[in-house]
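Analysis of the macromolecular model
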Amino acid sequence: MKKLIVIDFDSTLVNNETIDELAKEANKEKEIKEITKLAMNGKIDYRDSLIKRVELIKGLDLEKVNRAISRITLTKGAEDAIKELKKRGYIVAVVSGGFDIAIKKFKDLGIDYIIANELILKDNKVVGVKEKVIDKGKIIDELMKKEKIDKDNIVVVGDGANDLSMFKKAGLRIAFCAKPILKKEADIIIENRDLREILKYV
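Residues numbered from 1 in each chain as written. Predicted model: local features only at pLDDT ≥ 70, side-chain atom pairs only at ≥ 80, totals over all residues. Heavy atoms only, no water.

1. Quick notes on the packing of aromatic side chains
The geometry of two aromatic rings is summed up by the distance between their centres and the angle between their planes. The final tally for this structure, using the stated rule, is one aromatic pair. Geometrically, the ring pair formed by Phe9 and Phe106 is tilted, given 6.1 Å between the ring centres and 45° between the ring planes. Of this pair, Phe9 sits in helix α1 (residues 9–13) while Phe106 is found in the loop between α7 (100–103) and β3 (113–122), placing the two residues 97 residues apart along the sequence. Using a relative accessible area of 0% as the deciding quantity, one classes Phe9 as buried. Phe106 gets classed as buried once you look at its relative accessible area, which sits at 10%. (Phe/Tyr/Trp six-rings, centres within 6.5 Å; stacked < 30°, edge-to-face > 60°. Helix = DSSP H or I, 4+ residues; strand = E, 2+ residues; numbered from the N terminus. Buried < 20%, exposed > 50% of the residue type's maximum accessible area, 1.4 Å probe, protein only.)

Now the structure itself:
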């Protein structure tokens, strides 16, 4: 029987928010962090927040994008957790409202699906975003259909308001060092920042 685990990227699989690291390079840290905070707590629409934040980093060159990504670090226990999940027969997907350019840095972990928004670059500068993940629930619907997996065999792990839509699609919902809005909908709440903690429940 197939099993699927869907893990959020920013502040879940990794310690950082990719957009905040990009903001540092664009000298827009304060403005972007404020929008990120509002979005993660469900105070503003996620799509609106994405567009506003990308607008603030327009013109950032690829060298600075890569420098921002180089600062992104895996959450403690992430590598061991994915290795063990694979041993237990899980299909591992990382679904993020962030950017695939950052997630691809960690593709060698054994991730089966990387689904995220794409930064659009022209002449090696950020000019916009190709929206691929606004509603994470819809992405799970697509994966369920493709892999022929039912809801009971889906585990989701996230930390913020934009994970609520995927929580509705899962048999087991894990809030990992999460915002209050997500904890309310979780089956399991983990406060210790070590991804190996999820192995106790799956």
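2. Some details on the packing of helix α3 (residues 29–40) against helix α4 (residues 46–57)
Contact geometry for α3 and α4: axes closest at 10 Å, N-to-C directions at 170°. With respect to α4, the element α3 is oriented roughly antiparallel. Side by side, α3 and α4 meet where Glu31, Ile32, Ile35, Thr36 and Ala39 of the first sit next to Tyr46, Ser49, Lys52, Arg53, Leu56 and Ile57 of the second. Its residues placed into classes, the contact of α3 with α4 shows six nonpolar, two polar and three charged. (Axes fitted to C-alpha atoms, helices over the stretch in contact; angles between N-to-C directions. Parallel < 35°, antiparallel > 145°, perpendicular 65-115°, else oblique. Contact = heavy atoms within 4.5 Å. Nonpolar A, V, L, I, M, F, W, Y, C, P; charged D, E, K, R; others polar.)

3. Let's talk about the packing of helix α2 (residues 18–25) against helix α5 (residues 62–70)
Remark: α2 packs on α5, axes separated minimally by 9 Å, with the N-to-C direction vectors making an angle of 130°. Classed by the angle they form, the pair α2 and α5 counts as oblique. Taken as a pair, α2 and α5 cross one another with a handedness that is right-handed. Judged by residue contacts, Glu21, Leu22 and Glu25 of α2 engage Lys64, Val65, Arg67 and Ala68 from α5. Grouping the constituent residues of the contact of α2 with α5 by class yields three nonpolar, no polar and four charged. (Left-handed = near helix turned anticlockwise from the far one by under 90°.)

4. Considerations on the nonpolar core
Of all hydrophobic cores here, the largest spans 47 residues; its most connected members are Ile5, Phe9, Leu13 and Leu22. Excluding anything up to four places from it in sequence, Leu13 contacts Ile7, Asp8, Leu74, Thr75, Ala78, Ile82, Val94, Ile111 and Leu195. One finds Ile91, Tyr113, Leu143 and Ala178 within the second-largest nonpolar core, a separate group that totals 22 residues. (Core = buried A, V, L, I, M, F, W, Y, C linked by side-chain atoms within 4.5 Å.)

5. Regarding the environment of Lys145
Mapped onto the elements of the fold, Lys145 is located in helix α8 (residues 136–147). On the basis of relative accessibility, which here comes to 71%, the residue Lys145 falls in the exposed class. Separated by 33 residues in sequence, Lys145 and Ala178 place their C-alpha atoms 28 Å apart.

6. Details of α4
With twelve residues, α4 should reach 16 Å at 1.5 Å per residue; the first-to-last C-alpha distance of 17 Å fits that figure. Among all positions of α4, only Tyr46, Ser49, Leu50, Arg53, Val54 and Ile57 are buried. For α4, the angular spread of the buried residues around the axis is 125°, confining them to a single face. Packing partners of the buried residues in α4 comprise α2, α3, β2 (90–99), β3 and β4 (125–130). In the segment just after α4, Gly59 is the residue with positive phi, at about 95°. (Expected span 1.5 Å × (residues − 1). Arc of directions from axis to C-beta.)

7. Some remarks on the sheet that holds β2
Taken in spatial order, the seven strands of this open sheet run β4-β3-β2-β1-β5-β6-β7, and their pairing is mixed. Both edges of this open sheet fall to β4 and β7 (188–190), since each of them pairs with a single strand only. The average angle at which neighbouring strand axes cross in this sheet is 25°, direction not considered. Both β2 and β3 contribute to a ladder of four bridges, which runs parallel. When the bridges of β3 are listed, Ala93 appears paired with Tyr113. Together, β1 (3–7), β2, β3 and β5 (154–158) form the strand contacts of α8, whose direction differs from that of β2 by roughly 150°. (Pairing = 2+ DSSP bridges.)

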